[in-house]
Each structure stands twice: as C-alpha cells, then as structure tokens.
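As a plain string of letters, each chain reads:
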Amino acid sequence: MSGTLYGVGLGPGDPELVTVKAARLITGADVVAYHSARHGKSIARGVAEPYLRDGQIEEQLVYPLTVETTDHPGGYAGAMAEFYEHSAARLAAHLDAGRDVVVLAEGDPLFYGSYMHMHKRLCDRYPTEVVPGVTSVSAAAAVLGRPLVEGEEVLTVLPGTLPEADLAEHLARTDSAAVLKLGRTFGKVRDAFAAAGKLDRALYVERATWDQGRSLPLSEVDPTTVPYFSLALLPSPVNDGVRSAARSAESVVAVGEVVVVGTGPAGRPWLTPEAQEALAVADDLVGYKTYLDRVPPNPRQQRHASDNQVEAERAAFALDLAKRGRRVAVVSSGDPGVFAMAAAVLEVATDPQWTEVPVRVLPGLTAAQAVASRVGAPLGHDFCVISLSDRLKPWEVITRRLDAVAAADLVIAIYNPASKSRTWQLGEARDLLLRHRSPDTPVVIGRDVGGPTESVRVLRLADLDPSTVDMRCLLLVGSSQTRVVERGDGTRVVFTPRHYP
C-alpha cells in the first residue's frame, strides 16, 4: 500500500487561518515537505510550525534559483523542471514506502502555488488529495475591509509578470482586479493602473494578515520597499464610497522599537533574512557611517551616521527616536553582541526614561567565524575571543586574560588587534603568547573578509609582524593541537581537531 499525497493550503500567513482539516493532516503526516529559496527560510513551514510534531520527517525542497541567472542548458525553465523532477522523486520514495506526505503551500495549493508541480507529476501514480486554503486575494480584501465584487461585477486576477500593455488592457476592461507577484514588477504594475485610468482607486496590501503587514493607496507606495508577498487590489467600484482600512490605518499611532541588527562582516550575501527584514521595515537607521554605507539607501528612511567612538550617544539617540514612535534599526557590523552595539544599547536602555522602549537584538555572522571559514576549521575545538583595544579596559586586564587563555591552550580569536593610535599592543601580546606556545603555532590573519580587498594569510606565531596588521584585521591564534595541512588539490587548510589528547 502506498502513502497518500496531500497538497495542503496554509492560507495567507496567519497560522490561525489554517483550516481545521489542514491542521489535522499536518499533525498526522509521516512526512512534511515544503519549498524554500537557498537562504533556507520557509514561510510555509513557519505558518505550519504550531501544527508540527516531534518525530516527523521533513523534506526541504530548496529552489536552485529564484531570480538569478543560470548556466543550465535548458535555461531557467530547464533548471526548474529538473528541480521539480528530483523533488517529485524524493516524495515518491516516501509514498512507495507507505508514508503519507503533506506538501505545504502558502495560500491555496492550486492558486499560483509550487505544489501543483508535484501534483502533476504524482497524482496519476498515488492517492492524492488537495486541501484548499484562503488566498492572498481574499485576505487582502479582508484586511482592507473592501468588497471585491458585488452582483454582476467581474473580478480579474493577474500576475504582475505580464507585459505592461497586457496588464493595462485587462485592468481597463474589468470591474475589480487583483495583481499578484509584485516585488520587482511593482513599477510596471503601477504604470499599468495609471494607463488604465484606475490608479486613484487602486490599493496596496503587503503581507496580508501578518503582524508586520501594511496597506495604503497604490500611488503612495515606495517601489524600493515592495516585497514579493504583496499585491495590488482594485476593489468593487460599487463600494468606492467606503472608507478603506488603508486610509484609517494612517491614523493609528505607531509603536516604536529599537532593533540592533548584525550585518555580518561585509555584503548582502552574509546578511540573515531576519536582519534584512528588520532593515527593510525600519523608519530610521542609526550607526557608524562605515557600517551604514553597507545598507542600500532607501528614500523612505532617515539615516543617522555618527563617529565610531560615540556608542552611548548613538544608543541614546536611537532610543529617543523609538520612544517617539519610530521603528529604529541600529546597524552593527558582524554580530552586535560581540564587541559591538548590543551591549551599548542595552546598557543605556536601563535609564528610567527608556525602560518602556522595546529593544531586540538580531544576530549576525561575526568576524571570527568568517575568517575561520576561509581556511577551514581553526575554531573546531574550545576557543575564546579577546579584544586588544584598551580604550574601555586597562591593558593590564588584557594581558592577564591573554596569559590565562594561552596557558589553558585555547585557540584565541583576537579582535581590534591594532589601530593608528595603538601600534605596540600586538607585539607585546605576541611575545606573551610565545611564553606558552610553540613558535610554529599557526596564526591566521584575515583582513576585510567578505569585502573587496579581502586577504587571508597563514603564518607561524614567531613570524607575526605587527606592522602588517591594522584595525580591519582579525587574528586566529591556534592551540597546541591546531594543524596546517596541504591537501592534494593544492589548497592549504587549518583546523583544530575535535579530540584532545
């Protein structure tokens, strides 16, 4: 007996809008499958999470590409077809073994959904059932409080990927419309509404039913802020006199907060989806100018740059903005909790005037991890992290700690090794470490890792020249067990074994 394939609609995003039947099937399934982009985050799984149980098999179907180019011989269509064939084969293996498989789908499984590609490939071989879900179109109308159609009116649903002229022609002929798949198509869609003479009636809904959703007139939307999970709605013309929720929402008093965001060492590819979303929804960005420059400009947002040595003042400024109802992102490089802005913001936030301001900290990839990844796994065993900056703590404290961790045979990640005004500390630190470590101890020096001038060097502790190190460097000093190995392909890797003798 084979298992049954279920295509389960989850609705528009609010877990409470999952149907009773969908919830029952998700909980009872042997296997739960869901799609995601390469960043790994699955909206469908997030919606279904309250209904999952321990012990279920999860099959994550990761798209090979979304909007990227591909060298696949069949182009985009060929790459996706191959992906769907492989995904269907993975699910078929479970079905052949008698396991029931639930494929999660945002909205409705057969309404612009990825599930249909599994359905077409498997429905003639296995028992199949589709569980409908609330579509984003219905959710958007509910959020706005505007009827879609009445009486004999016609509703047209359009993908925003159509050519602008086709969109305008459809919009001109219909009474009501919903245009999906916005994101990068938004400018074209808005121009099509204008060409059809209906831009003044069009409304915009983003992430309908989500906690962070919003709605407003389409003509007032900043194109750079539009995510994929949004749509344009042309509601029933009979109800033009009804005041829309988009307008009434403007009168709601905003609740401010401070989010301390870790952007990683450098560049968008190292930014987590959570941090990216926090930067996108912020009203204000606060941070050291060099780090703010890594965030693409958005004319909707206010940017407040400051010097690198005014952390407390920067934190107070951000908290004051949030107290007045602004959504503030404090931008920090690497991980904000590692020698960065999280501690500064939380310390200042203990002042009674800001204790009611919400503060969140979002992690980021820290420099030690980034540098380690470039050479292998030098942090594969116990390690510690120390800053050589004596701006906020005495040098005697630093040397005492260095002496202790060197004697303990820990791998050491050294942050802030040198600057224009701190030129002697690294040499003294090297000499201290040589009292405990072999001159042959591997040292990894990473500079601007992830940035345009990245360089990574591996040398002996005895050969460490402080004059070649600056503030943009991070050092990893190995333990007695750290090894440098030349591999057969010509590469050299550094790793610390997991087992200690």
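Placed above this text is the structure.
Since this is a predicted model, take the numbers as computed values, not measurements.

About the cut-offs
- Residues numbered from 1 in each chain as written.
- Predicted model: local features only at pLDDT ≥ 70, side-chain atom pairs only at ≥ 80, totals over all residues.
- Heavy atoms only, no water.
- Helix = DSSP H or I, 4+ residues; strand = E, 2+ residues; numbered from the N terminus.
- Buried < 20%, exposed > 50% of the residue type's maximum accessible area, 1.4 Å probe, protein only.
- Contact = heavy atoms within 4.5 Å.
- Areas by Shrake-Rupley, 256 points an atom, 1.4 Å probe, with all protein chains shown as cover.
- Lys, Arg positive; Asp, Glu negative; His and termini not counted.
- Charge placed at Lys NZ, Arg CZ, Asp CG, Glu CD.
- Pairing = 2+ DSSP bridges.
- Axes fitted to C-alpha atoms, helices over the stretch in contact; angles between N-to-C directions.
- Core = buried A, V, L, I, M, F, W, Y, C linked by side-chain atoms within 4.5 Å.
- Left-handed = near helix turned anticlockwise from the far one by under 90°.
- Nonpolar A, V, L, I, M, F, W, Y, C, P; charged D, E, K, R; others polar.
- Salt bridge = Lys/Arg side-chain N within 4 Å of Asp/Glu carboxyl O.
- Phe/Tyr/Trp six-rings, centres within 6.5 Å; stacked < 30°, edge-to-face > 60°.
- Right-handed = clockwise from strand over helix to strand, strands pointing away.
- Patch = residues over 30% accessible without salt bridge, like charges linked within 9 Å, V, L, I, M, F, W, Y side chains within 5 Å.

## Concerning the overall build of the protein
Thinking step 1. Of the regular secondary structure elements, the protein holds 15 helices and 23 strands.
Thinking step 2. For the protein, the C-alpha atoms occupy an extent of roughly 85 × 60 × 40 Å along the three principal directions.
Thinking step 3. Residue burial in the protein is summarised as follows: out of 501 residues, 47% are buried.
Thinking step 4. Restricting the contact set of the protein to residue pairs at least 6 apart, pairs at least 24 apart contribute 70%.
Thinking step 5. Accessible surface, the protein as shown: approximately 24,100 Å² in total, 53% of it carbon and sulfur.
Thinking step 6. Both charge centroids of the protein, one from 52 positive and one from 61 negative side chains, sit 4 Å from each other.

## Observations concerning the sheet that holds strand β17 (residues 383-387)
Thinking step 1. The 5 strands lie next to each other as β17-β18-β21-β19-β20, forming an open sheet whose pairing is mixed. At either end of the open sheet lies a strand with only one pairing partner, and these are β17 and β20 (455-460). Between one strand and the next, the sheet's axes are offset by a mean angle of 20°, whatever the strand orientation.
Thinking step 2. Two strands pair when backbone bridges link them, and strand β19 (residues 442-447) and strand β21 (residues 473-477) are joined in this way by 5 bridges, in the antiparallel orientation. Bridging from a neighbouring strand, V444 pairs with L476 of β21.
Thinking step 3. Along the sheet, helix α13 (residues 367-375) makes contact with β18 (411-415), β19, β20 and β21, crossing β21 at roughly 65°.
Thinking step 4. Where helix α14 (residues 395-407) meets the sheet, its contacts fall on β17 and β18, and the angle it forms with β17 comes to roughly 165°.

## What about helix α5 (residues 136-144)?
Thinking step 1. Buried within α5 we find V137, A139, A140, A141 and L144.
Thinking step 2. One or two steps after α5, the chain reaches G145, where phi turns positive at roughly 70°.

## Quick word on the nonpolar core
Thinking step 1. In terms of nonpolar packing, the biggest core is built from 24 residues, with L388, L402, I445 and L475 touching the most fellow members.
Thinking step 2. Counting only elements with at least two residues in this core, the list comes to β17, α14, β18, α15 (425-434), β19 and β21.
Thinking step 3. Of all the elements, α14 adds the most residues to this core, at 5 residues.
Thinking step 4. Beyond its immediate stretch of four places on either side in the chain, L388 contacts W395, I398, L402, I414, Y415, N416, P417, R422, Q425, L426 and A429.
Thinking step 5. Residues L61, L65, M80 and L122 belong to the second largest nonpolar core, which totals 21 residues.

## Looking at the packing of helix α11 (residues 311-323) against helix α12 (residues 341-348)
Thinking step 1. With their axes 9 Å apart at the nearest point, α11 and α12 run at an angle of 60° to one another. α11 and α12 meet at a crossing whose hand is right-handed. Counting all contacts with α11, which are made through E311, A312, R314, A315, A316 and L319, the residues of α12 involved are M341, A344, V345 and V348.
Thinking step 2. When its residues are assigned to classes, the contact of α11 with α12 shows 8 nonpolar, no polar and 2 charged.

## Some words on unusual backbone geometry
Thinking step 1. One non-glycine residue with positive phi stands out, namely Y112, at about 55°.
Thinking step 2. Mapped onto the elements of the fold, Y112 is located in the loop between β4 (101-105) and α4 (115-122).
Thinking step 3. Judged by relative accessible area, Y112 falls into the partly exposed class, the value being 39%.

## Quick word on the pattern of salt bridges
Thinking step 1. Within the structure shown, the criterion is met by 25 salt bridges.
Thinking step 2. In this structure, R214 and E206 form a salt bridge, with 2.9 Å as the shortest nitrogen-oxygen distance.
Thinking step 3. Through salt bridges with shared partners, a single ionic network connects R45, E49 and E58.

## Observations regarding the packing of aromatic side chains
Thinking step 1. Across all of its chains, the model carries 9 aromatic pairs by this definition.
Thinking step 2. Both rings, one in Y288 and one in Y291, keep their centres 5.1 Å apart while their planes meet at 85°; by these two values the pair is edge-to-face.
Thinking step 3. The exposure class of Y288 is partly exposed, given its relative accessible area of 22%.
Thinking step 4. Taking the centre distance of 5.2 Å and the plane angle of 75° together, the rings of W395 and W424 count as edge-to-face. Highlighted residues: W395 in helix α14 and W424 in the loop between β18 and α15, separated in sequence by 29 residues.
Thinking step 5. Residue classification places W395 among the buried residues on the basis of a relative accessible area of 9%.

## Points about the side chain of R207
Thinking step 1. Structurally, the position occupied by R207 is in the loop between β8 (203-206) and β9 (214-217).
Thinking step 2. Among residues more than four places away in sequence, those in contact with R207 are Q212, G213, P227, F229 and E277.

## Details of the environment of S138
Thinking step 1. The residue S138 is located in helix α5 in this model.
Thinking step 2. With relative accessibility at 38%, the residue S138 sits in the partly exposed group.
Thinking step 3. Along the backbone, S138 and G11 are 127 residues apart, and their C-alpha atoms lie at a distance of 9.6 Å.

## Here we look at the pairing of strand β3 (residues 57-62)
Across a regular strand the side chains alternate sides, sitting on one face of the sheet and then on the other.
Thinking step 1. Here strand β2 (residues 31-36) runs beside β3; their pairing, made up of 6 bridges, is parallel. Among the inter-strand pairings, V32 is bridged to a residue of β3, identified as E58.
Thinking step 2. Running through helix α2 (residues 43-48), the crossover from β2 to the neighbouring parallel element β3 is right-handed.

## Some thoughts on a nonpolar patch on the surface
Thinking step 1. A cluster of nonpolar side chains, namely F339, F383 and V385, defines an oily patch on the protein surface of about 260 Å² accessible area.
Thinking step 2. In this fold, V385 is placed in strand β17.

Taken by themselves, the reported measurements are silent on function.
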